[in-house]
Amino acid sequence: MRTFCWLVAVVLVVTTDSKGPGLKTRITDKALNYAADVALDILSKQITGLVIPDQHGSSGDVSYDLTGLKINGFGKPNSKISTKPNVGLTLTTTGSSLNVHGNFHYKYHGIIPISDSGSFDLRTSGISFAIEIRLGSDSTGHPTMSSFGCTCSVASADITFHGGTAWIYNLFSDLVADKLKDMIGGGNGILCQQLVHLINVNGMESLKNLPVTVEIAKLFLLDYRFITTPSFQPTFMESYHKGEVYWKPDPQEAPLPLPALLPSSDTSRMMYLWVSDFLFNSMSYNAFKYRQLQYNVTNKDIGKRFPNTTVMLYMKSTSMPNMTVQNGSTVVNAAGDIVFFAQQPGGKYTYFLTLSATMSSTILIMIQNETIRGKVLKLPIAVKVKDSKIGQLSPQVLDLVLKGVITLFVEPKLNELGSKGFPLPVIESVHFVDTQLTTAKDTLLIATNLKYAG
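Residues numbered from 1 in each chain as written. Predicted model: local features only at pLDDT ≥ 70, side-chain atom pairs only at ≥ 80, totals over all residues. Heavy atoms only, no water.

Q: Just checking my understanding: could you explain the state of the cysteines for this structure?
A: Where two cysteines share a covalent bond between their sulfur atoms, that bond is called a disulfide. Within this structure, the stated rule accounts for one disulfide. Shown here is the disulfide that connects Cys150 with Cys192, its sulfur atoms set 2.1 Å apart. An S-S torsion of about -85 degrees defines the bridge between Cys150 and Cys192 as left-handed. Residue Cys150 is located in strand β8 (residues 143–162), and its partner Cys192 is located in helix α4 (residues 190–207); the two are separated by 42 residues in the primary sequence. Considered together, Cys150 and Cys192 belong to a single accessibility category, that of buried residues. With no disulfide of its own, Cys152 lies closest to Cys192 among cysteine sulfurs, the gap being 5.3 Å. (Disulfide = S-S within 2.5 Å. Helix = DSSP H or I, 4+ residues; strand = E, 2+ residues; numbered from the N terminus. Buried < 20%, exposed > 50% of the residue type's maximum accessible area, 1.4 Å probe, protein only.)

Structure representation (structure tokens):
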């Protein structure tokens, strides 16, 4: 049920926002029907072995008691989920069957009283049921769903008694079969009760695990809240998400343009996610604003001009790093200063050099374990002397210093950040398979199938 709940949850409404989405999700009918199939497997397990309350009744001169009633078989139905505008989803099934085993005891109140007992088996077939799933959200921004209007019909029911006097059974067998048939079918019958519980209880419990916000590095908050109502089409539905990273201690919207997401009509896979480069740049904005792009680096092997000393590098961005997703590539442009200090014996630091650096890094974007990750492919950095207390530096010395900075710090740090990545809004039991990533203007488009591993 968890995969079903999660797929449902991607169309839930959490809040309304004037800004467009930084992330968009498309769930196709392939995913919805896969989710329904998984949900019915779970329903089958829950129903099989279910104990039914004892039943009592009479027909003419015969009174009976049915005890020890237990469902010992459930035939999984054919199913289909369809979208319903302004409501949510409708699950319909056909061709199910259900078997019940139990014990009976009867009394015949005729001229010659007779009583007997034994067991029976009930076989029902041609079961169809339908239920609407309504979507919403609670005051904390978490998704909710609830069932509405469950209907269930049972086409036929046959009962076989074991033991006792056959002619007596004929007096009440149809009555018993109809009574049990009514218990199974109908809006308040066993099947609807179990299905309603599966959605309203099991489903809601699973939805609590759906991440609406995700903490990153204890300082940032990745916001996946839904910003408007979903749209429904004949073969898919789409949801629209905030897709922005905030500074956790003081969440404020980044004053950055939000580009339009790449249009696509593809529905060949189960799920599609459009991720705007706005999401990454909103984190860059807050990291720069709150001075998180400043680092101190020490290395005793740098600075031959200062024997027996340690050189400390203070690195800081002078502008917000900007990520641009283009056709087939992802580039991060950044600029900053590299300030050098030499530590003299006794602990005193002496400033001696500032280099101005610009970088245009090409990044390989990957999807691993439902997380967007990155790795540096190219890291060209250009530097020039901004200020020097040690005179002019030759190009050879600058090149040596640059290679040391890149090798020792810049590239490892970028790859470390890229390996942590941005987790996508899925629950633990749902995994991506056959995933394809496309980079287009301002957009990462993830097309994937899904597998439930609960």
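After that view of the structure, there is still more to cover.
Q: What should I look at first to understand the sheet that holds strand β11 (residues 231–233) in this one?
A: Paired through backbone hydrogen bonds, the strands of a sheet run either parallel or antiparallel to each other. The strand order across the open sheet formed by six strands is β11-β12-β1-β14-β24-β23, and the pairing between neighbours is antiparallel. Edge positions in the sheet fall to β11 and β23 (430–440), since each has one partner strand and no second. Between one strand axis and the next, the sheet turns by 20 degrees as a mean value, whatever way the strands run. Sitting on the sheet, helix α5 (residues 277–289) touches β14 (271–276) and β24 (443–452), and the angle it makes with β14 is about 40 degrees. (Pairing = 2+ DSSP bridges. Axes fitted to C-alpha atoms, helices over the stretch in contact; angles between N-to-C directions. Contact = heavy atoms within 4.5 Å.)

Q: Sorry if this is basic, but what is going on with helix α6 (residues 395–420) here?
A: At 3.6 residues per turn, the α-helix brings residues three or four places apart onto the same side. With 26 residues, α6 should reach 38 Å at 1.5 Å per residue; the first-to-last C-alpha distance of 36 Å fits that figure. Along its length, α6 reaches its greatest deviation from straightness, about 45 degrees, at Ile406. For α6, the complete set of buried residues consists of Leu398, Leu402, Gly404, Val405, Ile406, Phe409, Val410 and Gly418. Trailing α6 by a residue or two, Gly421 shows a phi angle of about 70 degrees, which is positive. (Expected span 1.5 Å × (residues − 1). Bend = angle between axes of the 7 residues up to and from the residue.)

Q: I tried to follow the environment of Gly189 on my own but got confused; where do I start?
A: Summarising the element assignment, Gly189 is placed in the loop between α3 (166–184) and α4. Assessed through its relative accessible area of 2%, Gly189 is described here as buried. Residues Gly189 and Ser153, spaced 36 residues apart in sequence, show a C-alpha to C-alpha distance of 9.5 Å. Excluding residues that lie within four positions of it along the chain, Gly189 makes contacts with Met183 and Ile184.

Q: Whenever I open this one, the pattern of salt bridges confuses me. Can you help?
A: Two side chains of opposite charge can pair, provided their charged atoms sit close to one another. Applying the stated criterion across every chain, the model contains twelve salt bridges. Ionic pairing is found between Lys24 and Glu238, a salt bridge with its closest N-O pair at 3.9 Å. Of this pair, Lys24 sits in strand β1 (residues 23–28) while Glu238 sits in strand β12 (residues 236–241); the two residues are 214 residues apart in sequence, bridging distant segments of the chain. For the pair formed by Lys24 and Glu238, the shared burial category is buried. Here Asp37 makes a salt bridge to Lys76, at a shortest N to O gap of 2.6 Å. (Salt bridge = Lys/Arg side-chain N within 4 Å of Asp/Glu carboxyl O.)

Q: What am I meant to see in the sheet that holds strand β13 (residues 244–247) here?
A: The three strands are arranged β9-β10-β13 in an open sheet whose pairing can be described as antiparallel. Edge positions in the sheet fall to β9 (213–216) and β13, since each has one partner strand and no second. Taken over all neighbouring pairs, the strand axes of this sheet differ in orientation by 30 degrees on average, direction set aside. Sheet topology places β9 next to strand β10 (residues 220–223); four bridges connect them, and they run antiparallel.

Q: What's the story with the packing of helix α2 (residues 29–47) against α4 in this structure? I'm lost.
A: Between two packed helices, the angle of one axis relative to the other and the distance separating the axes together describe the packing. Where α2 contacts α4, the axes come no closer than 11 Å and their chain directions differ by 120 degrees. It follows from the interaxial angle that α2 and α4 lie oblique. Here α2 runs over α4; the crossing is right-handed. Residue-level inspection shows Ala39, Ile42, Leu43, Gln46 and Ile47 of α2 in contact with α4, the latter providing Leu191, Gln194, Leu195, Leu198 and Asn202. Class assignment of the residues belonging to the contact of α2 with α4 gives a composition of seven nonpolar, three polar and no charged. (Parallel < 35°, antiparallel > 145°, perpendicular 65-115°, else oblique. Left-handed = near helix turned anticlockwise from the far one by under 90°. Nonpolar A, V, L, I, M, F, W, Y, C, P; charged D, E, K, R; others polar.)

Q: What's the story with the pairing of β13 in this structure? I'm lost.
A: Each regular strand displays side chains that alternate between the two surfaces of the sheet. The side-chain alternation of β13 yields two buried faces, one formed by Glu244 and Tyr246 and the other by Val245 and Trp247. By the bridge criterion, four bridges tie β10 to β13 in an arrangement that is antiparallel. The residue bridging Phe220 from the neighbouring strand is Trp247, located in β13.

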